[in-house]
Amino acid sequence: MENTIIKLEKINKSYQKGKTSLHILKDIDLQVERGEFVAILGPSGSGKSTLMNIIGCMDVFDTGKYYLNGIDISKQKDKEFTGIRNKEIGFIFQKYHLISTYTVLQNIVMPLLMRGMGFAEATEQCMDTIKMLGLEERLEHKPAELSGGQQQRVAIARALVGEPALLLADEPTGALDTSSGAEVLKLFNRLHNMGHTIVMITHDLEVAKSAKRIVRIIDGELHEDEKG
Amino acid sequence: MKKREILRLVALNLLQNKFKVVLTSVGIIIGAATIVMVIAIGRGGQEKVAEQFKNLNAGAIDISYEEATENKTEDAKMGNGNFGGNQNMPGGKPDSSQKNGTDNKSNQNGKSAMGENGSAPFGFGESARGGNSNDKNRMNQDKIVLSEEDVEDIETFVPDISSVSISYTTKTTVDGGELEEETSYTVAGVTSIYAEISNLNLQVGEFLTKEEEENKEKVCILGATVAKEIFGDAVSAYDSTLYIGGRAYTVNGVLKEIGSVSSGISADDAIFVPYSTGVKYITGENISPTITVIAENLNDLETTIENIETVLAESYPNAEFTITDAGSKMEAASASNDTLTTLLFAMAFIVFIVGGIGIMNVLFVSIKERTKEIGILKAIGCMKQDILLEFLLEACFISVLGGALGVLVSLGITPIVKMANIPVSLSIAGMLTAMVFAFVTGVTFGFYPAWKASCLVPVDALSEE
Ligand SMILES: Nc1ncnc2c1ncn2[C@@H]1O[C@H](COP(=O)(O)OP(=O)(O)OP(=O)(O)O)[C@@H](O)[C@H]1O
Ligand SMILES: [Mg+2]
């Protein structure tokens, strides 16, 4: 088992806009160890989501090296990305990104089904997580019937059930009010204490403070903050 | 992903998107039903034509004279070619009284023209027929009435024919049997050969004979429908007495049901009497008979028709006869039916395109909406082929459902269309075509957008709102 979950070396990413090229990520170096809870903090447009997409294997980068749980990502093909996303990463999005036509339970078990597990087996394996997040009563509901905080808990459950090496959250509290946001952050701390590795992206210093380590991204450059 | 789980998702999505499923299906249902109906109507028409001509002798040539046609500009078939260009054929056609005045002249011109250019097909000329005094009688009649003499002329002078018959129809009141009051029926005066020419068979009894014809006997043969109407059934009709125009006739036979029209007579609905009997007791000389010639050589009906025209022109110069052969009647009917079928197919094609575009739009929009779903599935690690299989199965289900319902709808409309007297003939081939249409459009238009969406990187698919 690798102890370094994320290792980014001189990652560069540009977007081509006509003739001009926008250099979004500039020589990003970042290392995240197993069990760490890191916040990536930066203002709007600084390149947070771009970085998160690269860490989450949802987008490609131009130059540099990226090892995720020991896997050399730059050498992977698109098809393998899918498997890596499923096994290594649990995503938590600002807008929850639940499938609206599925029930809560169906949403939560999806990552396991994709691994070839049957529905009954997957449901059983998810029960602990569901109980931990207090969603037992809500399993047959549709996402639209839940509050924002509850929907985010469903998304977190979905991210957890696959037991990924890394929990990757982009503005997880962005759509929530202060108290639901605080609850999600408390949950993250619990998960951190249980040994999960968490990378959380936010523009809010208060939110970032609940992490044990803060990394600032300003104009596509990464600056290490004080360790918590 | 397990196939069973994919199927579960398909079912879940179909149930969740009921409205969209219905919307998409409606397009497919209408398209499929239209295709089934179009093919059924086309086939129905063809079968109807075939049915009508089933019992028709393809070599039958009908010749009749209708005053109404006299003033029409007629086609070349009518035989004026022999006299073409002479002064007796002015732009305005002569009426019948004028015609009598010019008949002799034109007759001579006609004959000399034939003599000179040798266009008479088998060498008869003035010498062959000049001595026939009947010619003059016939020519000088006020009204042209084809007669048994013309039949003899045709039999004698037209080669390659197997038989010639003459017939006419009239409406006369009939009484007897179970009839409560005098009722008007079609009475046909025919010669003994008519049954053979028209492929008529008898349920009971025998058809009219030559002797009955010669003796002008008061006997008759009933069409199947007539026998049923007047006597209840064929057996009771046989040997009964029927009063036609107030005179008693013995029923000598009843025809089998045939459903077709021959020499302008619908056999099922007619009462047949010997030709001469009818003339003597029912119609008098006021008839418009049809001569039916059976040609032996089906491939050269044109020549036979020309020969008939030449022979008739000897007796009736300037007269224009309506000559139709069964073969070209069939051709005309099936040609017009082919036109109808082509039109229907054009319509089906338009439905195909319009329906296809409608289906495409609904599916495209619904998948556009589901691009985010595809993005989520990809982000959390769903393989492209699993996503594609899921959407493909959904599209297949909608298509097959729509196609099947479309076929059911067409089964439902068929009786209504039949009530409107449109011949329809449903066929397995038509239904299969409709199913194929449903499947192809549904799957193509349902699957293509899904395939496109699944090719997006998850970030782009997710940013789609
Ligand atoms: N697909 C793209 N094509 C071109 N430019 C892009 C694309 N995605 C992002 N950018 C640009 O890259 C820069 C960084 O975008 P990014 O989404 O990473 O910012 P962010 O830090 O997440 O901001 P926010 O806090 O508003 O989400 C922005 O200037 C943006 O315009
Ligand atoms: Mg962002």
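Provided above is the structure to which this section pertains.
Here is what the cut-offs are and how they apply
- Residues numbered from 1 in each chain as written.
- Chains lettered and ligands numbered in written order.
- Predicted model: local features only at pLDDT ≥ 70, side-chain atom pairs only at ≥ 80, totals over all residues.
- Heavy atoms only, no water.
- Helix = DSSP H or I, 4+ residues; strand = E, 2+ residues; numbered from the N terminus.
- Contact = heavy atoms within 4.5 Å.
- Areas by Shrake-Rupley, 256 points an atom, 1.4 Å probe, with all protein chains shown as cover.
- Buried < 20%, exposed > 50% of the residue type's maximum accessible area, 1.4 Å probe, protein only.
- Polar contact = N/O pair within 3.5 Å; in protein donor to acceptor, adjacent residues only side chain to side chain.
- Pairing = 2+ DSSP bridges.
- Axes fitted to C-alpha atoms, helices over the stretch in contact; angles between N-to-C directions.
- Core = buried A, V, L, I, M, F, W, Y, C linked by side-chain atoms within 4.5 Å.
- Buried area = accessible area lost by both parts, 1.4 Å probe.
- Nonpolar A, V, L, I, M, F, W, Y, C, P; charged D, E, K, R; others polar.
- Near = heavy atom within 4 Å.
- Parallel < 35°, antiparallel > 145°, perpendicular 65-115°, else oblique.
- Left-handed = near helix turned anticlockwise from the far one by under 90°.
- Phe/Tyr/Trp six-rings, centres within 6.5 Å; stacked < 30°, edge-to-face > 60°.
- Lys NZ or Arg CZ within 6 Å of the ring centre and 35° of its normal.
- Patch = residues over 30% accessible without salt bridge, like charges linked within 9 Å, V, L, I, M, F, W, Y side chains within 5 Å.
- Salt bridge = Lys/Arg side-chain N within 4 Å of Asp/Glu carboxyl O.

Caption draft 1: A look at the overall build of chain B. On a plain count of helices and strands, chain B comes out with 18 helices and 12 strands. Expressed as a percentage of contacts within chain B between residues at least 6 apart in sequence, the contacts between residues at least 24 apart total 79%. When the accessible surface of chain B is summed, it comes to about 21,500 Å², and 56% of that surface belongs to carbon and sulfur atoms.

Caption draft 2: Region of interest: the overall build of chain A. Across its full length, chain A carries seven helices and 10 strands. Looking at chain A residue by residue over its 228 residues, the buried ones come to 58%. For chain A, contacts bridging at least 24 residues in sequence account for 69% of all contacts bridging at least 6. Accessible surface, chain A: about 10,000 Å² in total, of which carbon and sulfur atoms supply 48%.

Caption draft 3: Representation of the side chain of Asn107(A). Looking at where Asn107(A) falls in the secondary structure, it is placed in helix H3 (residues 104-114). Separated by 2.8 Å, the side chain of Asn107(A) and the backbone nitrogen of Ile99(A) make a polar contact.

Caption draft 4: Representation of the sheet that holds strand S4 (residues 63-68) of chain A within the structure. Residues and elements named next belong to chain A. Taken in spatial order, the four strands of this open sheet run S2-S1-S4-S5, and their pairing is antiparallel. With one partner strand each, in any of the chains shown, strand S2 (20-33) and strand S5 (71-72) form the two edges of the open sheet. Two strands pair when backbone bridges link them, and S4 and S5 are joined in this way by two bridges, in the antiparallel orientation. The residue bridging Leu68 from the neighbouring strand is Ile71, located in S5. Across the sheet, helix H1 (residues 48-55) lies against strand S1 (4-17), S2 and S4, angled at about 125° from S1, the strand it touches most.

Caption draft 5: Looking closely at the nonpolar core. Formed by 120 residues in total, the largest nonpolar core has its most connected members in Ile6(A), Ile55(A), Tyr66(A), Leu68(A) and Phe188(A). Looking at this core element by element, the count peaks at 10 residues for helix H2 (residues 18-53) of chain B.

Caption draft 6: Expanded view of the interface of chain B and chain A. On the side of chain A, 27 residues touch chain B, which itself brings 26 residues to the contact. Roughly 2,400 Å² of surface becomes buried between chain B and chain A when both sides are summed, with 63% attributable to carbon and sulfur atoms. At the level of elements, helix H1 (3-16), helix H15 (371-379), helix H16 (384-419) and helix H18 (458-463) of chain B are the ones that each hand at least two residues to the side of chain B that touches chain A. Grouping the constituent residues of the side of chain B that touches chain A by class yields 13 nonpolar, five polar and eight charged.

Caption draft 7: Representation of the site of ligand 1 in the model. All names here are of chain A. In the vicinity of ligand 1, the contacting residues are Tyr15, Lys17, Ile24, Pro43, Ser44, Gly45, Ser46, Gly47, Lys48, Ser49 and Thr50. Between ligand 1 and the protein, one listed contact pairs an oxygen atom with a backbone N or O atom of Gly47 at 3.0 Å. For ligand 1, whose unbound accessible area comes to 630 Å², protein coverage reaches 61%. Of all elements in the fold, only S1 and H1 reach the threshold of two or more residues within the shell around ligand 1. Take the shell around ligand 1: its biggest share by element is three residues, from H1.

Caption draft 8: Looking closely at the packing of H1(B) against H16(B). Residues and elements named next belong to chain B. Look at H1 against H16: their axes get within 9 Å of each other, and the N-to-C directions meet at 50°. When the axis of H1 is compared with that of H16, the two are oblique. Considering the relative orientation of H1 and H16, their crossing is right-handed. When H1 is examined against H16, the residues Lys3, Ile6, Leu7, Leu9, Val10, Asn13 and Leu14 are found in contact with a partner set consisting of Asp386, Leu389, Glu390, Leu393, Glu394, Phe397 and Ile398. Across the contact of H1 with H16, the residue classes break down as nine nonpolar, one polar and four charged.

Caption draft 9: Here's a closer look at the packing of aromatic side chains. Scanning all chains against the criterion turns up eight aromatic pairs over all chains. Centre to centre, the rings of Tyr316(B) and Phe321(B) are 5.5 Å apart; their planes meet at 65°, and the pair counts as edge-to-face. Under the relative-accessibility criterion, Phe321(B) is labelled buried at 5%. In this structure, Arg8(B) packs its charged tip against the face of Phe119(A), placed 4.2 Å from the ring centre.

Caption draft 10: Region of the structure containing unusual backbone geometry. All names here are of chain A. Even without being a glycine, Cys57 presents a positive backbone phi close to 60°. Mapped onto the fold, Cys57 is located in the loop between H1 and S4. Residue classification places Cys57 among the buried residues on the basis of a relative accessible area of 1%. Unusually for a residue other than glycine, Asp219 sits at a positive phi of about 55°.

Caption draft 11: View of a nonpolar patch on the surface. All names here are of chain B. A surface patch of nonpolar side chains, amounting to about 470 Å² of accessible area, comprises Phe397, Leu401, Leu405, Leu408, Leu411 and Leu426. One can find Leu408 in helix H16. On the basis of relative accessible area, Leu408 is assigned to the exposed category, the value being 52%.

Caption draft 12: Just the pattern of salt bridges, in detail. Evaluation of the coordinates by the stated rule reveals 15 salt bridges over all chains. Between Arg153(A) and Glu183(A) there is a salt bridge whose closest N-O contact spans 3.6 Å. Here Arg153(A), found in helix H5 (residues 148-161), pairs with Glu183(A), found in helix H6 (residues 178-193); they are 30 residues apart in sequence, far enough to count as distant. Between Glu390(B) and Arg370(B) there is a salt bridge whose closest N-O contact spans 3.8 Å. With Glu390(B) in helix H16 and Arg370(B) in the loop between helix H14 (326-369) and H15, the pair connects residues that are 20 residues apart, well separated along the chain.

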